[in-house]
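# Topology and contacts: notes
This is what each chain is made of:
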Amino acid sequence: MSTNGRATRDLREILQKPGNDACADCGAPDPTWGSCSLGVFICLACSGIHRNFPDISKVKSLSLSHWEDHEVQFMAENGNELMKSKYEAAVPVYYYKPTHKDCQVLREQWIRAKYERKEFSNPGNSFTYEEGMRDGVLMKRGRDNGQFLSRRFVLSEREGTLKYFTKYDAKEPKAVIKVDTINATFQPEKIGNPNGLQITYLKDYSTRNIFIYHDSGKEIVDWFNSIRAVQLHYLKVAFPGATDAELIPKLTRNFLKEGYMEKTGPRQTEGFKKRWFTLDHRRLMYFKDPLDAFAKGEVFLGNRDHGYNASPGLPAGTHCNGTWQHGITIETPDRCFLFTCETESDQQDWLKHFNDVVSAPMSPQEYTMQTDVQTEA
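The notes below deal with the structure included here. (Residues numbered from 1 in each chain as written. Predicted model: local features only at pLDDT ≥ 70, side-chain atom pairs only at ≥ 80, totals over all residues. Heavy atoms only, no water.)

### Let's talk about the sheet that holds strand β17 (residues 336–341)
A sheet is described by the order of its strands in space; here seven strands give the open sequence β14-β13-β12-β11-β17-β16-β15, paired in antiparallel fashion. Only two strands of the sheet have a single neighbouring strand rather than two, namely β14 (297–300) and β15 (309–312). In this sheet, adjacent strand axes meet at a mean angle of 35° when their direction is disregarded. Sheet strands touched by helix α9 (residues 344–359): β11 (257–263), β12 (273–280), β13 (283–287), β15, β16 (326–331) and β17. Its angle to β11, the strand with the most contacts, is close to 110°. (Pairing = 2+ DSSP bridges. Helix = DSSP H or I, 4+ residues; strand = E, 2+ residues; numbered from the N terminus. Axes fitted to C-alpha atoms, helices over the stretch in contact; angles between N-to-C directions. Contact = heavy atoms within 4.5 Å.)

The following block contains the structure:
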């Protein structure tokens, strides 16, 4: 057997060890690359990020690259579990650990924070996210003109707010956002910037979106994790008996699904109109445009036991004058909502998410949520 053939066989054996069967950085299954200088097994996507700092991480394909005996030995002696205990020794509970489904900037900054900046290697480290105050300039999309302009943002743990100002030295903020109403989610494709972040919050009982970015990936991810740190502080005050495991899911969360569907109005005789839909747990919001500041309407999805249901197709006799044919009917105690999807696979994917939501038990907080439905004129 050739030297490389033996190395490939040995690496395959090392992969069988606990923890080595998933990417050390994003958790993607069946990693096909390794860092022979860090001793971790990683996926193809994360190997591309590691290549950006070759002085720290030297990556090789497990099957296509030539591995020296001492490199294989190094992988055998280390591996994902041991290296996580070193490089992730002190990750704050609120820090968002990205998965393989997350965008590039989140994964890149996580990898750089671990291996390049060694932020989490020493339990005594102080974190920039925990300073209680963050003040800086971010690019914000104008609500009406769609232009991105620089705006000053101030996050305050003491006040429990995120404020932004139209001018750096302005006395009064343009908006004061309570951190306990915020959701923040990275949206590079929708915003058209690799560091694009969408901040969603409640204003006068309706959902408001703002879209921001920063040229520095580190800066925007630092803002994101600082918001999460402040939110956790407030949740611990609000729910003093709750565990971290119970509170962390209440911090920022990715939307379950987004995309276009067509919908008709409450009389179900109006024409079907194309709308952008966002499913944020129990709230299905719809917008005329993906980058709109306000939703045109919202549907609350409660539990199946309380009269909520989602099923394929439209009621018999529905006049479907839209261009899309794959229908979905959502029943609520008050009325039915009718939607159509462009493809059957899209219809099935929406239905899966709707049924997951209506099957999930409701928390006490969800019982008090606004269940009034705003509808289009």
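### Thoughts on the pairing of strand β9 (residues 197–203)
Among the seven residues that make up β9, five are buried, leaving the element largely enclosed by the rest of the structure. Pairing geometry for strand β8 (residues 183–186) and β9, over four bridges, is antiparallel. Across the sheet, Phe 186 pairs through a bridge with Leu 197, a residue of β9. Two elements, β9 and strand β10 (residues 206–213), share seven bridges in a ladder whose sense is antiparallel. Considered in β10, the bridge of Leu 202 is made with Thr 207. (Buried < 20%, exposed > 50% of the residue type's maximum accessible area, 1.4 Å probe, protein only.)

### As for the packing of aromatic side chains
Under the counting rule described, the total for this entry stands at 19 aromatic pairs. Look at Phe 186 and Phe 224: their rings are 5.1 Å apart centre to centre, the planes differ by 70°, and that puts the pair in the edge-to-face class. Taken as a pair, Phe 186 in strand β8 and Phe 224 in helix α7 (residues 217–238) lie far apart in primary sequence, 38 residues in all. Judged by its relative accessible area of 3%, Phe 224 is buried. Through a chain of ring-to-ring contacts, the aromatic side chains of Tyr 94, Tyr 95, Trp 110, Phe 120, Phe 127 and Tyr 129 assemble into a single cluster. The ring of Tyr 168 is capped by Arg 152, whose NZ or CZ atom sits 4.7 Å from the centre of that ring. The ring of Trp 350 has Lys 257 lying over it, and the distance from NZ or CZ to the ring centre is 5.1 Å. (Phe/Tyr/Trp six-rings, centres within 6.5 Å; stacked < 30°, edge-to-face > 60°. Lys NZ or Arg CZ within 6 Å of the ring centre and 35° of its normal.)

### Examining helix α5 (residues 104–116)
Counted at 1.5 Å a residue, the expected span for α5 with its 13 residues is 18 Å, and the 17 Å between its end C-alpha atoms agrees. Packing partners of the buried residues in α5 comprise β2 (40–42), α2 (44–50), α4 (80–87), β8 and α7. Directly beyond the C-terminal end of α5, a positive phi value near 50° is found at Lys 118. (Expected span 1.5 Å × (residues − 1).)

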